[in-house]
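# Structural overview
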Amino acid sequence: MMRLAERTAFVTGAANGIGEASARRLAADGARVVLTDIEKNRLDEVTQSIADTGAQAISYLLDVRDRAQIQAIFDDVEQKWGVPHILAHIAGTVVVEHYLDISDENWNRVLDINLKGTFLVTQIAARAMVKANIPGSIVMMASTNGLVAEEDLAPYNASKFGVVGLTKTMAIDLARFNIRVNSVNPGLIKTRLTSSIWEDPAATKAYEDQRIPMRRLGTPEEVAACVAFLASDDASYVTGHSLVVDGGQLTF
Ligand SMILES: NC(=O)c1ccc[n+]([C@@H]2O[C@H](COP(=O)([O-])OP(=O)(O)OC[C@H]3O[C@@H](n4cnc5c(N)ncnc54)[C@H](O)[C@@H]3O)[C@@H](O)[C@H]2O)c1
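Residues numbered from 1 in each chain as written. Predicted model: local features only at pLDDT ≥ 70, side-chain atom pairs only at ≥ 80, totals over all residues. Heavy atoms only, no water.

### Comments concerning the site of the ligand
For clarity, the threshold we go by: Whether a residue is near a molecule or strand is decided by its heavy atoms; if any one of them lies within 4 Å of it, the residue is near. Counted as a polar contact is a pair of N or O atoms within 3.5 Å, where, for protein atoms, one must be capable of donating a hydrogen and the other of accepting one, and residues adjacent in sequence contribute only when both atoms are in side chains. Values of accessible area rely on a 1.4 Å probe in the Shrake-Rupley scheme; residue burial ignores everything except the protein chains shown. Only protein atoms enter the 1 Å grid used here, on which a cavity is any set of points holding a 1.4 Å probe that cannot leave and a pocket is any open set flanked by protein within 12 Å on both sides along at least five of seven lines; residues with an atom within 4 Å of a point are listed as lining. In this description, a molecule resides in a pocket or cavity if more than half of its atoms sit within 2 Å of the grid points defining it. Only DSSP runs of H or I reaching four residues or more are called helices, and only runs of E reaching two or more are called strands; each is numbered from the N terminus.
Taken together, 29 residues are adjacent to the ligand, and Ile18, Asp37, Tyr156, Ile189 and Thr191 come closest. One nitrogen or oxygen atom from the main chain of Ile18 is found 2.8 Å from an oxygen atom belonging to the ligand. A distance of 2.6 Å separates an oxygen atom of the ligand from a polar atom in the side chain of Asp37. Here the ligand loses 96% of its free accessible area of 830 Å² to cover by the protein chains. When each cavity is represented as a set of grid points, the ligand is found to reside in the largest pocket. Where the shell around the ligand is concerned, the elements lending two or more residues are α1 (17-28) and α5 (154-175).

As structure tokens, this is what we get:
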């Protein structure tokens, strides 16, 4: 039997990159998947292609900054498939700017999506799991930037350090309810979020030669494999952990 059979997995940021790969991997491991994102066309395409594999997949337009919308969608999913056992909260954004130039608008945008959105989605999911009295696994998407800082990324770094802190606090508060909470902390992964680096051969080479021992960028699928591991019972004694997936970058 597949390791996520009979489980429902709720995925945010599922239309692209790591969220898309995670939705595909959770479905391949047997879960029913609920795909959510703000990009409708791409979300529909990804959902259809997962359904075409024979897996159960439904989608909703969802902005992780909107508590009422998240609650309404969780309620609807509960009616259809029951309370999700797994939350893979992947949605996120970045702004690259020197600290001295950051506007309030850019600060708020990154913190609202990456940190407040994480609080909103995870609290609604955890409340539903506790109310239904089911064991749960919550996986958040942090970053190596949640453990060490990089230049020109102040709001992003602050948001991801916040996600790591939230992960540890939630792990403590929710352990008594049989809910595990972990984060995955990727290094440099080839998605559109990082296209300014991998579309520039010199920037790519600088990373590969000087910053990544494995001398290559990671793939969304390599991150998704870690999301699925933490979501599954294979990680049954793992909580409050931040799983670094970075080709060795943080060893320097
Ligand atoms: N790519 C990397 O190198 C890398 C490294 C570390 C962490 N991450 C994290 O991984 C996650 C996914 O990033 P990615 O690289 O796949 O980028 P991506 O841009 O390909 O995917 C991000 C997804 O989040 C969605 N999204 C953005 N704002 C949203 C909102 N307000 N509500 C709902 N959905 C929203 C986007 O539409 C998109 O589908 C992010 O949290 C990012 O910070 C990425």
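So that's the structure; there's more coming.
### Description of the environment of Ile70
Convention followed: Working rule for contacts: check all heavy atoms of both residues, and any pair within 4.5 Å makes them a contact.
Along the chain, the position of Ile70 falls in helix α3 (residues 67-81). Each C-alpha atom of the pair Ile70 and Pro201 lies 40 Å from the other, and the pair is 131 residues apart in sequence. Residues within four places of Ile70 in sequence aside, it is in contact with Leu62, Asp63, Val64, Leu120, Val121 and Ile124.

### Considerations on the pattern of salt bridges
Oppositely charged side chains may form a pair once their charged atoms are brought near each other. Quick note on the threshold: We define a salt bridge as a side-chain nitrogen of Lys or Arg found within 4 Å of a carboxyl oxygen belonging to Asp or Glu. Exposure is judged per residue with a 1.4 Å probe applied to protein chains only, and the accessible area is read against the type maximum: over 50% gives exposed, under 20% gives buried, and values in between give partly exposed.
On inspection of all chains with the given rule, the structure shows 16 salt bridges. Linking Arg65 and Asp63 is a salt bridge whose minimum nitrogen-to-oxygen distance equals 2.8 Å. Between Lys80 and Asp76 there is a salt bridge, with its nearest N and O atoms 2.7 Å apart. Here the residue Lys80 and the residue Asp76 both occupy positions in helix α3, the gap between them amounting to 4 residues, near one helical turn. Note on Lys80: relative accessible area 49%, which makes it partly exposed. Through salt bridges with shared partners, one network takes in Arg3, Arg25, Asp29 and Asp234.

### Quick look at the layout of surface pockets
Note the following rule: Grid points are joined across faces, edges and corners, and a volume is the space filled by probe spheres set on the points. Gly is put with the polar residues, along with every residue not named as nonpolar or charged; the nonpolar set is Ala, Val, Leu, Ile, Met, Phe, Trp, Tyr, Cys and Pro, and the charged set is Asp, Glu, Lys and Arg.
Of the voids in this model, the largest pocket is the one considered here, and its volume is about 1,100 Å³. In terms of lining, the largest pocket is formed by 46 residues, of which the most central are Gly92, Thr93, Val94, Tyr156 and Leu193. Put simply, the parts of the chain that give the lining of the largest pocket at least two residues each are α1, β2 (32-37), α4 (104-132), α5 and α6 (195-198). With 3 residues, the single largest contributor to the lining of the largest pocket is α1. Grouping the constituent residues of the lining of the largest pocket by class yields 19 nonpolar, 16 polar and 11 charged. Computed from the structure, the second largest pocket encloses a volume of approximately 270 Å³. Contributing to the lining of the second largest pocket are 16 residues, with Pro135, Gly136, Asn178, Arg180 and Asp233 lying nearest its centre. Going through the elements one at a time, β5 (136-141) and β6 (179-186) are the ones with two or more residues in the lining of the second largest pocket. For the lining of the second largest pocket, the class distribution of residues is 7 nonpolar, 6 polar and 3 charged.

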